[in-house]
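Take a look at the letters that make up each chain.
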Amino acid sequence: MSDSFFPDSDCTRIEIDGVSVPEVFSSIDQEVSAVRNSVGVSDVSFVSVLRISGEHAYDLIDRICPCFLYVKTNQMKHTILLKESGSPLVDIYICKERINYLILAKGMPGEALREFLLKHKKTDENITISILNTTHSLLAINGPFAWEALSELEDPEVISLPYLSFYYLDDDSIIFRAGETGEFGYLLLLPHQTVDIFCKKIIEISDDFDIECVGYTALEYCYLENMFFNIKKEGAIDATPAELQLQWRVSYLKKGMYSDKLLEMKNRPIARRLTGVIGKDPFQDNDGIYYSDKRIGFIVNANRFVSGNGYIGLALLDMPYAVSGIPCYEIFSQGEKTPLMTVSPPFIRNRSLYVNPQVHAYQERDTIPFPPITG
Amino acid sequence: MSTELMALIGKREKTLELLKKMFIENLHLNLQKDEMDPDAALFGSGLGLDSIDAVEIAAAIETQFKLEIKNFAKKDSFRTLNTLADMIIKAENCGRGDHE
């Protein structure tokens, strides 16, 4: 992947799991706005992409996954790999190809993930693990009109691609429908040598769709606005799937790696839970949350509410305080207690909910009766 | 804990419990109530429901909570169990039988 995503664009850069990616291009507000209103394009090469092939590929993946692998060819399953403690280790999609499997992973560099998989391979199993990041780049296209831009850039068929499925543009390039911003979202796996050609095509249509380059920071803001699990934030606090509201990614009935631990955690009454919070005054990660003088939790992930007003966050609150719709908590931040309210994420009304690819077009977006994005 | 806060928490938890029971029974979900995350997406990922399930749930909510959901396209209410609970609690607090 070339160092500049768009050759003429300036950006700050950040290293995620050993990979340098754009951090901020124009401004966070402008980039989040593009994801929320038009089309944002991101370099997400920090996502490790592995191909697992061989006679026992399924056996290995089934062994390490805490959920049943009921996934058909060209479909994806969103799950997590667990630590020995039962908390999330890696955020992954399992993608079933006709014969092989792909793993798209956040939270672990490709080589480390490969080592992790090999550690769990049996000696007599016939498995090959390739790290596709060495030959391919991964781009993300997000926004309520991402489908339309992509259909012009690559293939009109993309409009009918169901969520959590993928198809091949050619032998070497894949489009996945798997957004995490709450808008239409796609991942493009492209050989390094074709990325510049693709970027040139984006530039050609960028005015038609008000396409913006979107950096990692803006993506994190968008994940938070829709309470999409962030392995770097919520994944860093050693909480259980139940506490993180990720039970839908695991199955307690599955026997396998750390399944005993998972079941043990399930059988304990839940003591705390991740809950959406909002306040007018600034707050930040690790700030304490109070009811009267009793500390009831802390902020795990907080940001300025770019798409709305004030500040939003995900807080790990003790039960029974961890419910939505409570207006009377306080947050202690920078020496001061200010009001805090629990709310039900997502924090916004995603415009993609109101866009119908069969009917709508970006050029006619002013005719679409979007409700207010917040409030 | 004040009686007011206890009432708010109790109302939310009771509404969520009823919703979970409704989802499990009406949609034949192979889940226990404590396995259903209140903020997990209903459609797409999360519970992985579809549009037919949405119609069933809307009808069940109308029956159970005596609400009239006039507009099934109130999409931001049908996102999670908690957003459904928000809609129900708001309607009940307003003391109205219908809600859009």
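Attention here is on the structure that accompanies the text. Along every chain, residues carry numbers that run from 1 in the direction the sequence is written. Think of it this way: whatever chain is written first is A, whatever ligand is written first is 1, and the rest follow in order. Per-residue local features are limited, in this predicted model, to residues with pLDDT of at least 70; the limit for side-chain atom pairs, both in listing and counting, is 80 or more; totals at the level of whole chains, interfaces and linings are taken over all residues. Note: side-chain values were computed over all heavy atoms of the structure, leaving out hydrogens and water.

A few points about the sheet that holds strand S8 (residues 128-131) of chain A
Residue and element names in this part refer to chain A. Basically, it comes down to this: Strands are labelled as partners when DSSP assigns at least two bridges between them. The numbering of helices and of strands both runs from the N terminus, where a helix is a DSSP run of H or I of at least 4 residues and a strand a run of E of at least 2. The convention used is that axes are lines fitted to C-alpha atoms, helices contributing only their stretch in contact, and that angles between N-to-C directions extend from 0 to 180 degrees. Two residues form a contact once any of their heavy atoms are found within 4.5 Å.
Strands sit in the order S5-S6-S7-S4-S8 across an open sheet of five strands; the sheet is antiparallel. The open sheet terminates on both sides in strands that have one partner only, identified here as strand S5 (76-82) and S8. Strand-to-strand twist of the sheet, defined as the mean angle between neighbouring strand axes without regard to direction, takes the value 25°. Taken together, the four bridges between strand S4 (residues 48-53) and S8 define a ladder with antiparallel strand orientation. Within S8, the residue paired with arginine 51 across the bridge is serine 130. The sheet contacts of helix H2 (residues 57-64) involve S4, S5, strand S6 (88-96), strand S7 (101-106) and S8, and relative to S4 the element is tilted by about 130°.

Remarks on the interface of chain A and chain B
The line we're drawing: Computed with a 1.4 Å rolling probe, the buried area is the accessible surface lost when two parts are put together, summed over both parts. Salt bridge, as used here, is a side-chain nitrogen of Lys or Arg placed within 4 Å of a carboxyl oxygen of Asp or Glu. Note on residue classes: Ala, Val, Leu, Ile, Met, Phe, Trp, Tyr, Cys and Pro are nonpolar, Asp, Glu, Lys and Arg are charged, and everything else, Gly too, is polar.
Facing 32 residues of chain A, the contacting portion of chain B comprises 26 residues. Carbon and sulfur atoms make up 55% of the surface buried where chain A meets chain B, a total of about 2400 Å² over both sides. For the chain A face of the interface with chain B, the top three residues by lost area are Gln245, Trp248 and Leu353 of chain A, together amounting to 21%. Inspection of the region where chain A meets chain B yields three salt bridges. Ionic pairing is found between lysine 266 of chain A and glutamate 35 of chain B, a salt bridge with its closest N-O pair at 3.3 Å. The class makeup of the residues in the side of chain A that touches chain B is 22 nonpolar, seven polar and three charged.

Some thoughts on the sheet that holds strand S15 (residues 288-291) of chain A
Residues and elements named next belong to chain A. If you trace the six strands once around the closed barrel, you get S14-S17-S16-S15-S18-S19, paired in antiparallel fashion. When strand polarity is set aside, the average angle formed by the axes of neighbouring strands in this sheet is 45°. Sheet topology places S15 next to strand S18 (residues 329-333); three bridges connect them, and they run antiparallel. Its bridge partner being in S18, tyrosine 290 is matched across the sheet by glutamate 330.

So, the packing of aromatic side chains
Residue and element names in this part refer to chain A. The following threshold applies: Each Phe, Tyr or Trp ring, with Trp reduced to its six-membered ring, pairs with another whose centre is within 6.5 Å; inter-plane angles below 30 degrees give stacked pairs, above 60 give edge-to-face pairs, and intermediate values give tilted ones. Each residue is assigned to one of three classes by its accessible area relative to the maximum for its type, calculated with a 1.4 Å probe on protein chains only: buried under 20%, partly exposed between the two thresholds, exposed over 50%. Placement of a positive charge over a ring is assigned whenever Lys NZ or Arg CZ falls within 6 Å of the ring centre and within 35 degrees of the normal to the ring plane.
Here the structure, examined in full by the defined rule, presents 14 aromatic pairs over all chains. Ring centres of phenylalanine 46 and tyrosine 216 lie 5.1 Å apart, and the angle between their planes is 90°; on these two criteria the pair is classed as edge-to-face. Of this pair, phenylalanine 46 sits in the loop between strand S3 (39-43) and S4 while tyrosine 216 sits in helix H6 (residues 216-225), placing them 170 residues apart in sequence. Between tyrosine 291 and tyrosine 329, the aromatic rings sit 6.2 Å apart at their centres with planes inclined by 75°, giving edge-to-face as the arrangement. With tyrosine 291 in strand S15 and tyrosine 329 in strand S18, this residue pair connects regions lying 38 residues apart in the sequence. Take tyrosine 291: its relative accessible area is 13%, and that puts it in the buried class. An aromatic cluster is defined as three or more aromatic residues linked by ring pairs; in this entry it consists of Phe145, Trp147, Phe184, Phe209 and Tyr362. For lysine 337, the ring lying beneath its charged end belongs to tyrosine 290, and the centroid distance is 4.5 Å.

Considerations on unusual backbone geometry
Residue and element names in this part refer to chain A. The omega torsion of the bond from methionine 319 to proline 320 falls at 5°, within 30 degrees of zero and hence cis. With respect to the element layout, proline 320 can be found in the loop between strand S17 (311-318) and S18. Here the bond from proline 345 into proline 346 is cis, since omega is 5°, no more than 30 degrees from zero. By secondary structure assignment, the location of proline 346 is in the segment after strand S19 (336-343). Positive phi outside glycine occurs at tyrosine 258, with the angle close to 60°. Among the structural elements, tyrosine 258 can be located in the loop between H6 and helix H7 (259-266). A positive phi angle, close to 75°, is found at asparagine 286, a residue other than glycine. The exposed category is assigned to asparagine 286, whose relative accessible area is 57%.

Looking at the pairing of strand S2 (residues 19-24) of chain A
Residues and elements named next belong to chain A. As paired strands, strand S1 (residues 12-16) and S2 are joined by five bridges and run antiparallel to one another. Each residue of the ladder has a partner; that of isoleucine 14, found in S2, is valine 21. The antiparallel pairing of S1 with S2 creates a hairpin that spans two residues between the two strands, and aspartate 17 there sits at a positive phi of about 50°.

Here we look at the packing of helix H1 (residues 3-27) of chain B against helix H3 (residues 81-94) of chain B
Residues and elements named next belong to chain B. Condition: Roughly parallel covers angles under 35 degrees, roughly antiparallel covers those over 145, roughly perpendicular covers 65 to 115, and oblique covers all other angles. Should the near helix be turned counterclockwise from the far one by less than a right angle, the crossing is left-handed, whereas a clockwise turn marks it as right-handed.
With their axes 10 Å apart at the nearest point, H1 and H3 run at an angle of 120° to one another. The angle between H1 and H3 falls in the class oblique. The handedness of the crossing between H1 and H3 is right-handed. Taking contact as the criterion, the partners of Lys11, Arg12, Thr15, Leu16, Leu19, Lys20 and Phe23 in H1 are, on H3, Leu81, Asn82, Leu84, Ala85, Asp86, Ile88, Ile89 and Glu92.

A look at the nonpolar core
Residues and elements named next belong to chain A. Applied cut-off: Nonpolar cores are built from buried Ala, Val, Leu, Ile, Met, Phe, Trp, Tyr and Cys residues. Side-chain atoms within 4.5 Å join them into one set.
Within the largest apolar cluster, 34 residues are counted, with the highest numbers of intra-cluster contacts made by Val44, Phe46, Met76, Cys95, Leu104, Phe176 and Leu187. Going through the elements one at a time, S2, helix H1 (28-37), S6, S7, strand S9 (136-142), strand S11 (173-177), strand S12 (185-191) and H6 are the ones with two or more residues in this core. Apart from the residues lying within four places of it in its own chain, the contact partners of leucine 187 are Val44, Leu104, Leu138, Leu139, Ala140, Ile174, Ile175, Phe176 and Ala178. Among the nonpolar cores identified, the runner-up in size contains 30 residues, and Ile141, Ala149, Tyr167 and Ile175 belong to it.

What about the packing of helix H4 (residues 146-153) of chain A against helix H5 (residues 192-209) of chain A?
Residue and element names in this part refer to chain A. Two elements in contact, H4 and H5, have axes separated by 10 Å at closest approach and are oriented at 130°. Overall, the two elements H4 and H5 adopt an arrangement that is oblique. In this structure, H4 meets H5 at a crossing whose hand is right-handed. Counted together, Glu148, Ala149, Leu150, Glu152 and Leu153 of H4 and Phe198, Lys201, Ile202, Ile205 and Phe209 of H5 form the full contact between these two elements. Of the residues in the contact of H4 with H5, the class split is seven nonpolar, no polar and three charged.

A short note on the environment of threonine 135 of chain A
Residues and elements named next belong to chain A. You can see threonine 135 is positioned in the loop between S8 and S9. Separated by 58 residues in the primary sequence, threonine 135 and glutamine 193 have C-alpha atoms spaced 8.7 Å apart. Excluding residues that lie within four positions of it along the chain, threonine 135 makes contacts with Leu190, Pro191 and His192.

Regarding the environment of leucine 31 of chain B
By the element assignment, leucine 31 of chain B lies in the loop between H1 and helix H2 (51-65). In this structure, the C-alpha to C-alpha distance between leucine 31 of chain B and lysine 20 of chain B, residues 11 residues apart in sequence, is 9.5 Å.

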